[in-house]
Amino acid sequence: AYGPQAVPELVAMLKDPSLEPHWEKIVAAFGCFDDASAVQPLMDFMKRQQGEISVYAFRAVVHVLPVIGRIAYGWDPAALEPDA
């Protein structure tokens, strides 16, 4: 029922500290779209995590690159070239 149109809502959820225990599932949801528009928000999320982070944030960050790989596997070449 969801697709690339859900990206903005998921991005907002990754910015909401009250949803931190669910960030891992939110990151995983991005991988269901096979749409490169999810790549940059995922990279931004990963880059925001600095210093000591919670176990929830760590688990979410660990899943970012595999999710981007899943998007790239869908043969979207833009997923392989996120903005620096």
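Below is a short write-up of the structure. (Residues numbered from 1 in each chain as written. Predicted model: local features only at pLDDT ≥ 70, side-chain atom pairs only at ≥ 80, totals over all residues. Heavy atoms only, no water.)

**Focus: the packing of aromatic side chains**
Thinking step 1. Under the definition given, this model contains 1 aromatic pair.
Thinking step 2. Ring plane angle 85° and centroid distance 5.2 Å describe the contact between Trp-23 and Phe-45, whose orientation is recorded as edge-to-face. Of this pair, Trp-23 sits in helix H2 (residues 23-30) while Phe-45 sits in helix H3 (residues 39-48), and the two are 22 residues apart along the sequence.
Thinking step 3. Of the residues examined, Trp-23 reaches a relative accessible area of 7% and is grouped as buried.
Thinking step 4. Phe-45 gets classed as buried once you look at its relative accessible area, which sits at 0%. (Phe/Tyr/Trp six-rings, centres within 6.5 Å; stacked < 30°, edge-to-face > 60°. Helix = DSSP H or I, 4+ residues; strand = E, 2+ residues; numbered from the N terminus. Buried < 20%, exposed > 50% of the residue type's maximum accessible area, 1.4 Å probe, protein only.)

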